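This is what each chain is made of:
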Amino acid sequence: ATEIVQIFAKYVSDGEVDTEFVAVESEHSAMSACIGASAAGARVMTGTSSQGLALMHEMLYIASGLRLPIVLAEVNRALSSPINIHCDHSDTMGSRDAGWIQIYCENANEGYHTLIQAVKIAETANLPVMVTLDGFIISHGMEVVEALEDHEVQEFVGKRRPLYNLLDTENPIMVGPLDLPDYYFEHKRQQIEAMIKAKEVIKNVIEEYNRRFGFDFPIFLEEYRMDDAEYAILSMSSAAGTMKEAIDIKRSQGEKVGLVRLKVFRPFPYEVLQDAFRKVKAIGVMDRADSLNTMGGPVFNEVRSALYELQNRPRIMNFVFGLGGRDFPMEQALYIIDRVKELKDGKKLPFVEYVGVRE
(Lines give C-alpha, C1' and ligand atoms only; values in the text may rest on other atoms or scores of the structure.)
Protein backbone atom coordinates (compact mmCIF):
# COMPACT_ATOMS: atom_id res chain seq x y z
CA ALA A 1 0.00 0.00 0.00
CA THR A 2 2.92 2.33 0.71
CA GLU A 3 4.33 1.79 -2.77
CA ILE A 4 0.98 2.58 -4.40
CA VAL A 5 1.07 6.06 -2.88
CA GLN A 6 4.82 6.53 -3.38
CA ILE A 7 4.71 5.62 -7.07
CA PHE A 8 1.69 7.84 -7.62
CA ALA A 9 3.51 10.70 -5.86
CA LYS A 10 6.31 10.26 -8.42
CA TYR A 11 3.78 10.51 -11.25
CA VAL A 12 2.66 13.83 -9.78
CA SER A 13 6.23 15.06 -9.32
CA ASP A 14 7.15 14.10 -12.90
CA GLY A 15 4.08 15.84 -14.30
CA GLU A 16 2.57 12.62 -15.68
CA VAL A 17 -0.77 13.32 -14.01
CA ASP A 18 -2.65 16.57 -13.52
CA THR A 19 -3.69 16.27 -9.91
CA GLU A 20 -3.05 17.44 -6.37
CA PHE A 21 -1.16 15.07 -4.07
CA VAL A 22 -1.85 15.67 -0.37
CA ALA A 23 0.52 14.11 2.17
CA VAL A 24 -1.09 13.89 5.62
CA GLU A 25 -0.01 12.72 9.05
CA SER A 26 -2.25 9.64 9.38
CA GLU A 27 -4.77 7.45 7.62
CA HIS A 28 -7.57 9.05 9.63
CA SER A 29 -6.45 12.39 8.21
CA ALA A 30 -6.13 10.88 4.73
CA MET A 31 -9.75 9.80 4.63
CA SER A 32 -10.82 13.08 6.21
CA ALA A 33 -9.04 14.97 3.42
CA CYS A 34 -10.65 12.71 0.83
CA ILE A 35 -14.09 13.40 2.29
CA GLY A 36 -13.59 17.17 2.15
CA ALA A 37 -12.19 17.11 -1.39
CA SER A 38 -14.86 14.73 -2.70
CA ALA A 39 -17.66 16.77 -1.14
CA ALA A 40 -16.23 19.83 -2.88
CA GLY A 41 -16.52 18.07 -6.25
CA ALA A 42 -13.04 16.58 -6.77
CA ARG A 43 -12.36 13.06 -8.02
CA VAL A 44 -10.52 11.44 -5.11
CA MET A 45 -8.49 8.30 -4.47
CA THR A 46 -6.28 7.04 -1.66
CA GLY A 47 -4.61 3.82 -0.57
CA THR A 48 -4.06 1.95 2.68
CA SER A 49 -3.72 -1.43 4.36
CA SER A 50 -4.23 -3.24 7.67
CA GLN A 51 -3.83 -0.89 10.66
CA GLY A 52 -4.16 2.06 8.31
CA LEU A 53 -7.65 0.96 7.31
CA ALA A 54 -8.46 0.41 10.98
CA LEU A 55 -7.35 3.97 11.74
CA MET A 56 -9.63 5.19 8.93
CA HIS A 57 -12.58 3.24 10.36
CA GLU A 58 -14.46 6.20 11.85
CA MET A 59 -14.18 8.17 8.61
CA LEU A 60 -15.23 5.25 6.39
CA TYR A 61 -18.77 5.56 7.77
CA ILE A 62 -18.82 9.30 7.15
CA ALA A 63 -17.64 8.88 3.54
CA SER A 64 -20.38 6.37 2.76
CA GLY A 65 -23.08 8.18 4.75
CA LEU A 66 -22.41 11.35 2.76
CA ARG A 67 -22.62 9.29 -0.47
CA LEU A 68 -19.14 10.33 -1.62
CA PRO A 69 -17.61 8.35 -4.55
CA ILE A 70 -14.13 7.91 -3.08
CA VAL A 71 -11.98 5.06 -4.46
CA LEU A 72 -9.63 3.23 -2.07
CA ALA A 73 -6.81 0.92 -3.18
CA GLU A 74 -6.55 -1.53 -0.27
CA VAL A 75 -3.82 -4.16 0.14
CA ASN A 76 -5.13 -6.91 2.41
CA ARG A 77 -2.99 -7.50 5.50
CA ALA A 78 -3.63 -8.91 8.95
CA LEU A 79 -4.61 -6.72 11.89
CA SER A 80 -2.57 -6.68 15.11
CA SER A 81 -2.14 -7.97 17.68
CA PRO A 82 0.22 -9.78 17.60
CA ILE A 83 2.01 -7.52 15.12
CA ASN A 84 1.88 -8.99 11.63
CA ILE A 85 2.43 -7.36 8.24
CA HIS A 86 1.35 -10.24 5.99
CA CYS A 87 -1.85 -11.21 4.21
CA ASP A 88 -5.24 -12.07 5.49
CA HIS A 89 -8.63 -10.40 5.11
CA SER A 90 -9.21 -9.30 8.71
CA ASP A 91 -8.70 -5.64 7.79
CA THR A 92 -11.41 -5.27 5.14
CA MET A 93 -13.74 -7.78 6.81
CA GLY A 94 -13.57 -5.56 9.87
CA SER A 95 -14.99 -2.76 7.71
CA ARG A 96 -17.50 -4.85 5.80
CA ASP A 97 -20.51 -3.00 7.22
CA ALA A 98 -19.15 0.53 6.77
CA GLY A 99 -21.24 1.12 3.65
CA TRP A 100 -18.46 0.70 1.08
CA ILE A 101 -18.63 -1.42 -2.05
CA GLN A 102 -15.92 -4.09 -1.66
CA ILE A 103 -14.27 -5.87 -4.62
CA TYR A 104 -11.65 -8.63 -4.10
CA CYS A 105 -9.23 -9.25 -6.99
CA GLU A 106 -7.45 -12.49 -7.85
CA ASN A 107 -4.35 -10.97 -9.47
CA ALA A 108 -2.60 -7.71 -10.35
CA ASN A 109 -4.16 -7.43 -13.81
CA GLU A 110 -7.68 -7.68 -12.40
CA GLY A 111 -6.74 -5.20 -9.70
CA TYR A 112 -5.57 -2.62 -12.26
CA HIS A 113 -8.68 -2.85 -14.40
CA THR A 114 -11.05 -3.05 -11.43
CA LEU A 115 -9.65 0.20 -10.03
CA ILE A 116 -10.54 1.96 -13.29
CA GLN A 117 -14.02 0.41 -13.23
CA ALA A 118 -14.36 1.44 -9.58
CA VAL A 119 -14.21 5.15 -10.48
CA LYS A 120 -17.25 4.84 -12.71
CA ILE A 121 -19.06 2.50 -10.30
CA ALA A 122 -18.53 4.91 -7.41
CA GLU A 123 -19.61 8.00 -9.33
CA THR A 124 -22.69 6.28 -10.77
CA ALA A 125 -23.85 4.69 -7.51
CA ASN A 126 -22.65 7.65 -5.38
CA LEU A 127 -21.01 5.26 -2.97
CA PRO A 128 -17.34 4.76 -2.08
CA VAL A 129 -15.51 1.68 -3.40
CA MET A 130 -12.53 -0.24 -2.04
CA VAL A 131 -10.61 -2.50 -4.42
CA THR A 132 -8.44 -5.08 -2.68
CA LEU A 133 -5.32 -7.12 -3.48
CA ASP A 134 -3.71 -9.76 -1.26
CA GLY A 135 -0.70 -8.26 0.49
CA PHE A 136 2.74 -9.55 -0.58
CA ILE A 137 1.20 -12.52 -2.43
CA ILE A 138 0.03 -10.17 -5.21
CA SER A 139 1.31 -6.75 -4.16
CA HIS A 140 4.98 -7.88 -4.19
CA GLY A 141 4.73 -10.30 -7.10
CA MET A 142 5.69 -9.71 -10.73
CA GLU A 143 2.83 -10.21 -13.18
CA VAL A 144 1.82 -9.07 -16.64
CA VAL A 145 -0.69 -6.21 -16.55
CA GLU A 146 -2.57 -5.30 -19.74
CA ALA A 147 -2.47 -1.53 -19.34
CA LEU A 148 -4.70 0.81 -21.31
CA GLU A 149 -3.67 4.08 -22.93
CA ASP A 150 -4.30 7.14 -20.76
CA HIS A 151 -6.82 8.62 -23.18
CA GLU A 152 -8.79 5.35 -23.21
CA VAL A 153 -9.13 5.45 -19.42
CA GLN A 154 -10.08 9.13 -19.48
CA GLU A 155 -12.74 8.54 -22.12
CA PHE A 156 -14.18 5.61 -20.18
CA VAL A 157 -14.47 7.31 -16.79
CA GLY A 158 -15.49 10.69 -18.23
CA LYS A 159 -15.80 13.79 -16.08
CA ARG A 160 -17.23 13.67 -12.60
CA ARG A 161 -20.67 15.22 -12.25
CA PRO A 162 -21.33 15.62 -8.51
CA LEU A 163 -24.81 15.34 -7.05
CA TYR A 164 -24.39 18.82 -5.61
CA ASN A 165 -21.92 21.70 -5.70
CA LEU A 166 -20.73 22.47 -2.20
CA LEU A 167 -19.05 25.69 -3.35
CA ASP A 168 -22.13 27.21 -5.02
CA THR A 169 -22.72 30.42 -3.03
CA GLU A 170 -26.01 31.01 -4.84
CA ASN A 171 -27.41 27.70 -3.59
CA PRO A 172 -25.58 26.90 -0.35
CA ILE A 173 -26.10 23.52 1.35
CA MET A 174 -24.98 21.94 4.61
CA VAL A 175 -23.13 18.59 4.52
CA GLY A 176 -23.06 16.24 7.50
CA PRO A 177 -25.33 18.15 9.89
CA LEU A 178 -26.78 16.81 13.13
CA ASP A 179 -29.37 14.17 12.24
CA LEU A 180 -31.41 13.04 15.26
CA PRO A 181 -34.27 10.48 15.40
CA ASP A 182 -36.54 12.66 13.25
CA TYR A 183 -34.67 11.90 9.96
CA TYR A 184 -31.60 9.70 10.60
CA PHE A 185 -33.51 6.49 9.77
CA GLU A 186 -34.76 7.91 6.46
CA HIS A 187 -31.27 8.99 5.43
CA LYS A 188 -29.80 5.58 6.27
CA ARG A 189 -32.62 3.96 4.30
CA GLN A 190 -31.56 5.98 1.25
CA GLN A 191 -28.01 4.73 1.71
CA ILE A 192 -29.26 1.14 1.97
CA GLU A 193 -31.29 1.58 -1.22
CA ALA A 194 -28.19 2.93 -2.99
CA MET A 195 -26.29 -0.25 -2.06
CA ILE A 196 -29.12 -2.39 -3.43
CA LYS A 197 -29.10 -0.42 -6.70
CA ALA A 198 -25.29 -0.67 -6.82
CA LYS A 199 -25.61 -4.28 -7.99
CA GLU A 200 -27.08 -3.09 -11.30
CA VAL A 201 -24.47 -0.33 -11.52
CA ILE A 202 -21.60 -2.81 -11.05
CA LYS A 203 -23.07 -5.10 -13.68
CA ASN A 204 -23.53 -2.32 -16.23
CA VAL A 205 -20.09 -0.78 -15.73
CA ILE A 206 -18.17 -4.07 -16.01
CA GLU A 207 -20.19 -5.14 -19.04
CA GLU A 208 -19.48 -1.79 -20.71
CA TYR A 209 -15.77 -2.12 -19.86
CA ASN A 210 -15.61 -5.62 -21.33
CA ARG A 211 -17.35 -4.52 -24.55
CA ARG A 212 -15.21 -1.44 -25.01
CA PHE A 213 -11.82 -3.03 -24.38
CA GLY A 214 -12.41 -6.67 -25.36
CA PHE A 215 -12.05 -8.23 -21.92
CA ASP A 216 -14.10 -10.87 -20.16
CA PHE A 217 -13.88 -9.84 -16.51
CA PRO A 218 -16.44 -11.55 -14.26
CA ILE A 219 -19.03 -9.34 -12.62
CA PHE A 220 -19.94 -10.62 -9.15
CA LEU A 221 -18.28 -14.02 -9.23
CA GLU A 222 -16.38 -16.38 -11.48
CA GLU A 223 -17.54 -19.97 -12.03
CA TYR A 224 -14.82 -22.52 -12.79
CA ARG A 225 -15.77 -26.01 -14.01
CA MET A 226 -19.20 -25.69 -12.40
CA ASP A 227 -21.35 -26.96 -15.31
CA ASP A 228 -21.66 -30.54 -14.01
CA ALA A 229 -20.17 -30.10 -10.52
CA GLU A 230 -21.67 -32.23 -7.75
CA TYR A 231 -19.80 -30.32 -5.03
CA ALA A 232 -17.90 -27.06 -5.00
CA ILE A 233 -15.46 -24.74 -3.26
CA LEU A 234 -16.00 -21.01 -2.76
CA SER A 235 -12.84 -18.95 -2.58
CA MET A 236 -11.76 -15.32 -2.91
CA SER A 237 -8.70 -13.38 -4.08
CA SER A 238 -5.33 -15.04 -4.79
CA ALA A 239 -6.18 -18.38 -3.16
CA ALA A 240 -8.61 -19.02 -6.00
CA GLY A 241 -5.66 -19.46 -8.37
CA THR A 242 -4.25 -22.31 -6.29
CA MET A 243 -7.70 -23.82 -5.92
CA LYS A 244 -8.26 -23.80 -9.70
CA GLU A 245 -5.12 -25.93 -10.10
CA ALA A 246 -6.39 -28.29 -7.40
CA ILE A 247 -9.76 -28.52 -9.15
CA ASP A 248 -7.99 -29.50 -12.38
CA ILE A 249 -6.07 -32.25 -10.58
CA LYS A 250 -9.24 -33.67 -9.06
CA ARG A 251 -11.08 -33.41 -12.38
CA SER A 252 -8.32 -35.47 -14.00
CA GLN A 253 -9.08 -38.14 -11.37
CA GLY A 254 -12.77 -38.15 -12.31
CA GLU A 255 -14.08 -35.94 -9.47
CA LYS A 256 -16.98 -33.64 -10.37
CA VAL A 257 -15.86 -30.66 -8.34
CA GLY A 258 -16.02 -26.98 -9.25
CA LEU A 259 -15.03 -23.57 -7.95
CA VAL A 260 -16.84 -20.29 -7.42
CA ARG A 261 -14.58 -17.28 -6.90
CA LEU A 262 -16.48 -14.55 -5.08
CA LYS A 263 -15.32 -11.19 -6.41
CA VAL A 264 -17.84 -8.67 -5.05
CA PHE A 265 -18.45 -8.98 -1.31
CA ARG A 266 -20.36 -5.72 -0.86
CA PRO A 267 -23.08 -5.48 -2.00
CA PHE A 268 -23.39 -9.20 -1.28
CA PRO A 269 -24.61 -10.93 -4.49
CA TYR A 270 -26.79 -13.54 -2.83
CA GLU A 271 -29.06 -14.00 -5.86
CA VAL A 272 -26.12 -14.96 -8.11
CA LEU A 273 -24.72 -17.30 -5.46
CA GLN A 274 -28.06 -19.07 -5.16
CA ASP A 275 -28.02 -19.74 -8.90
CA ALA A 276 -24.40 -20.92 -8.84
CA PHE A 277 -24.97 -23.42 -6.03
CA ARG A 278 -28.51 -24.53 -6.78
CA LYS A 279 -27.52 -27.97 -8.10
CA VAL A 280 -24.53 -28.93 -5.91
CA LYS A 281 -24.77 -31.26 -2.93
CA ALA A 282 -22.01 -29.78 -0.76
CA ILE A 283 -19.95 -26.59 -0.51
CA GLY A 284 -16.71 -25.66 1.23
CA VAL A 285 -16.39 -21.93 1.92
CA MET A 286 -12.88 -20.57 2.40
CA ASP A 287 -12.23 -17.62 4.73
CA ARG A 288 -8.93 -15.79 5.16
CA ALA A 289 -10.33 -14.22 8.33
CA ASP A 290 -12.36 -15.36 11.32
CA SER A 291 -15.27 -13.49 12.87
CA LEU A 292 -14.27 -14.55 16.41
CA ASN A 293 -17.94 -15.24 16.98
CA THR A 294 -17.60 -19.05 17.41
CA MET A 295 -19.54 -19.47 14.13
CA GLY A 296 -16.71 -19.41 11.58
CA GLY A 297 -15.60 -16.77 9.10
CA PRO A 298 -17.59 -13.83 7.71
CA VAL A 299 -17.83 -15.15 4.15
CA PHE A 300 -19.08 -18.53 5.38
CA ASN A 301 -21.80 -17.01 7.51
CA GLU A 302 -23.09 -14.83 4.69
CA VAL A 303 -22.99 -17.63 2.11
CA ARG A 304 -24.82 -19.98 4.46
CA SER A 305 -27.46 -17.33 5.07
CA ALA A 306 -27.81 -16.69 1.31
CA LEU A 307 -28.48 -20.38 0.62
CA TYR A 308 -31.00 -20.87 3.43
CA GLU A 309 -34.02 -20.29 1.18
CA LEU A 310 -32.98 -22.86 -1.44
CA GLN A 311 -35.41 -25.77 -1.65
CA ASN A 312 -32.58 -28.31 -1.98
CA ARG A 313 -30.06 -26.70 0.33
CA PRO A 314 -26.49 -28.04 -0.08
CA ARG A 315 -24.49 -29.13 2.93
CA ILE A 316 -21.91 -26.51 3.79
CA MET A 317 -18.77 -26.16 5.91
CA ASN A 318 -16.14 -23.51 6.51
CA PHE A 319 -12.35 -23.60 6.09
CA VAL A 320 -10.42 -20.79 7.79
CA PHE A 321 -6.89 -20.67 6.35
CA GLY A 322 -3.84 -18.52 5.76
CA LEU A 323 -4.16 -16.13 8.70
CA GLY A 324 -1.23 -13.77 9.11
CA GLY A 325 0.12 -14.63 5.67
CA ARG A 326 0.58 -18.36 6.21
CA ASP A 327 1.12 -20.10 2.89
CA PHE A 328 -1.73 -21.89 1.18
CA PRO A 329 0.03 -24.80 -0.57
CA MET A 330 -1.51 -27.26 -3.01
CA GLU A 331 -1.69 -29.92 -0.29
CA GLN A 332 -4.15 -27.82 1.68
CA ALA A 333 -6.25 -27.09 -1.43
CA LEU A 334 -6.52 -30.81 -2.19
CA TYR A 335 -7.32 -31.54 1.47
CA ILE A 336 -10.22 -29.06 1.40
CA ILE A 337 -11.64 -30.71 -1.73
CA ASP A 338 -11.38 -34.14 -0.11
CA ARG A 339 -13.20 -32.94 2.99
CA VAL A 340 -16.04 -31.43 0.96
CA LYS A 341 -16.34 -34.69 -0.95
CA GLU A 342 -16.76 -36.49 2.39
CA LEU A 343 -19.45 -33.95 3.28
CA LYS A 344 -21.21 -34.63 -0.04
CA ASP A 345 -21.10 -38.36 0.63
CA GLY A 346 -22.94 -37.89 3.92
CA LYS A 347 -20.14 -37.90 6.48
CA LYS A 348 -20.83 -35.79 9.57
CA LEU A 349 -18.12 -33.14 9.86
CA PRO A 350 -17.60 -30.04 12.03
CA PHE A 351 -19.04 -26.94 10.37
CA VAL A 352 -15.68 -25.13 10.60
CA GLU A 353 -12.09 -26.33 10.25
CA TYR A 354 -8.87 -24.36 10.68
CA VAL A 355 -6.58 -25.51 7.89
CA GLY A 356 -2.80 -25.20 8.21
CA VAL A 357 -2.68 -24.20 11.89
CA ARG A 358 -0.31 -26.00 14.23
CA GLU A 359 -2.12 -27.97 16.92
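Note that the structure is predicted; figures quoted are calculated from it, not measured. Per-chain numbering applies: the sequence of each chain, read as written, is numbered from 1 onward. Note on the predicted model: pLDDT of at least 70 is required for a residue's local features to be given, and 80 or more for side-chain atom pairs to be given and counted; whole-chain, interface and lining totals, by contrast, use all residues. Hydrogens and water are ignored here; the side-chain numbers use all heavy atoms of the structure.

### With respect to the pairing of strand 9 (residues 282-287)
Every regular strand shows the same layout, with side chains that alternate between the two sheet faces.
Thought 1: Burial of strand 9 is extensive: 6 of the 6 residues sit out of reach of the surface.
Thought 2: Here strand 9 shows no split at all, with Ala282, Gly284 and Met286 on one side and Ile283, Val285 and Asp287 on the other all buried.
Thought 3: Of the strand pairs in this sheet, strand 6 (residues 231-235) and strand 9 are connected by 4 bridges, and their pairing is parallel. Its bridge partner being in strand 9, Ile233 is matched across the sheet by Gly284.
Thought 4: The sheet contact formed by strand 9 and strand 10 (residues 315-321) spans 6 bridges and is parallel. Residue pairing across strands places Asp287 opposite Val320, the latter belonging to strand 10. We call a residue buried when its accessible area falls under 20% of the maximum for its residue type, exposed when it is over 50%, and partly exposed in between, using a 1.4 Å probe and counting protein chains only. Helical segments are the DSSP runs of H or I of at least four residues, strand segments are the runs of E of at least two, and each set is numbered from the N terminus. Strands were regarded as paired on the criterion that DSSP finds at least two bridges between them.

### Side note on the sheet that holds strand 4 (residues 129-134)
Two strands in a sheet stick together by hydrogen bonds in their backbones, pointing the same way (parallel) or opposite ways (antiparallel).
Thought 1: Reading across from one edge, 1-2-4-3-8 is the order of the 5 strands in this open sheet, with mixed pairing throughout. Bordering the open sheet on either side are strand 1 (45-48) and strand 8 (264-266), each of which pairs with just one other strand. Averaged over all pairs of adjacent strands, the angle between strand axes in this sheet comes to 20°, irrespective of strand direction.
Thought 2: Bridge analysis of strand 1 against strand 2 (residues 71-76) gives 4 bridges, and the strand direction is parallel. Interaxial angles span 0 to 180 degrees and are taken between N-to-C directions of axes, which are lines fitted to C-alpha atoms, for helices over the stretch in contact.

### Concerning the packing of aromatic side chains
Thought 1: Aromatic pairs are defined between Phe, Tyr and Trp rings, using the six-membered ring for Trp, whenever the two ring centres lie within 6.5 Å; interplanar angles under 30 degrees are classed as stacked, those over 60 as edge-to-face, and all others as tilted. On inspection of all chains with the given rule, the structure shows 11 aromatic pairs.
Thought 2: Between Tyr104 and Phe265, the aromatic rings sit 6.3 Å apart at their centres with planes inclined by 90°, giving edge-to-face as the arrangement. You can see Tyr104 sitting in strand 3 (residues 101-104) and its partner Phe265 sitting in strand 8, a full 161 residues away along the chain. Here Tyr104 and Phe265 have matching classes, each one buried.
Thought 3: A connected cluster of aromatic rings, assembled from ring pairs, spans Phe156, Tyr209, Phe213, Phe215 and Phe217.

### Focus: the packing of helix 2 (residues 27-39) against helix 3 (residues 51-65)
Thought 1: Contact geometry for helix 2 and helix 3: axes closest at 7 Å, N-to-C directions at 25°. With respect to their mutual orientation, helix 2 and helix 3 come out roughly parallel. Here helix 2 runs over helix 3; the crossing is right-handed. Together, Glu27, His28, Ala30, Met31, Ser32 and Ile35 of helix 2 and Gly52, Leu55, Met56, Glu58, Met59, Leu60, Ile62 and Ala63 of helix 3 make up the contact between the two elements.
Thought 2: Put simply, Ala, Val, Leu, Ile, Met, Phe, Trp, Tyr, Cys and Pro go in the nonpolar bin, Asp, Glu, Lys and Arg in the charged bin, and everything else, Gly too, in the polar bin. For the contact of helix 2 with helix 3, the residue count by class is 9 nonpolar, 3 polar and 2 charged. Every angle not falling under 35 degrees, over 145, or within 65 to 115 is termed oblique; those three ranges are roughly parallel, roughly antiparallel and roughly perpendicular. Should the near helix be turned anticlockwise from the far one by less than a right angle, the crossing is left-handed, and should it be turned clockwise, the crossing is right-handed. In what follows, a contact means two residues having at least one pair of non-hydrogen atoms within 4.5 Å.

### Focus: the pattern of salt bridges
Thought 1: Definition used for salt bridges: Asp or Glu carboxyl oxygen within 4 Å of a side-chain nitrogen of Lys or Arg. Summed over all chains, the structure comprises 25 salt bridges.
Thought 2: In this structure, Lys10 and Asp14 form a salt bridge, with 2.8 Å as the shortest nitrogen-oxygen distance.
Thought 3: Given the relative accessible area of 42%, Asp14 is considered partly exposed.
Thought 4: Between Glu342 and Arg339 there is a salt bridge, and its shortest N-O distance comes to 2.9 Å. In this pair, Glu342 and Arg339 both sit in helix 11 (residues 330-344), 3 residues apart, roughly one turn of the helix.
Thought 5: Among the residues examined, Glu342 registers a relative accessible area of 28% and is labelled partly exposed.
Thought 6: Members of the salt-bridge network, linked through shared partners, are Glu106, Glu110, Glu222, Lys244, Arg261 and Lys263.

Bear in mind that shape data such as this cannot, by itself, settle questions of function.
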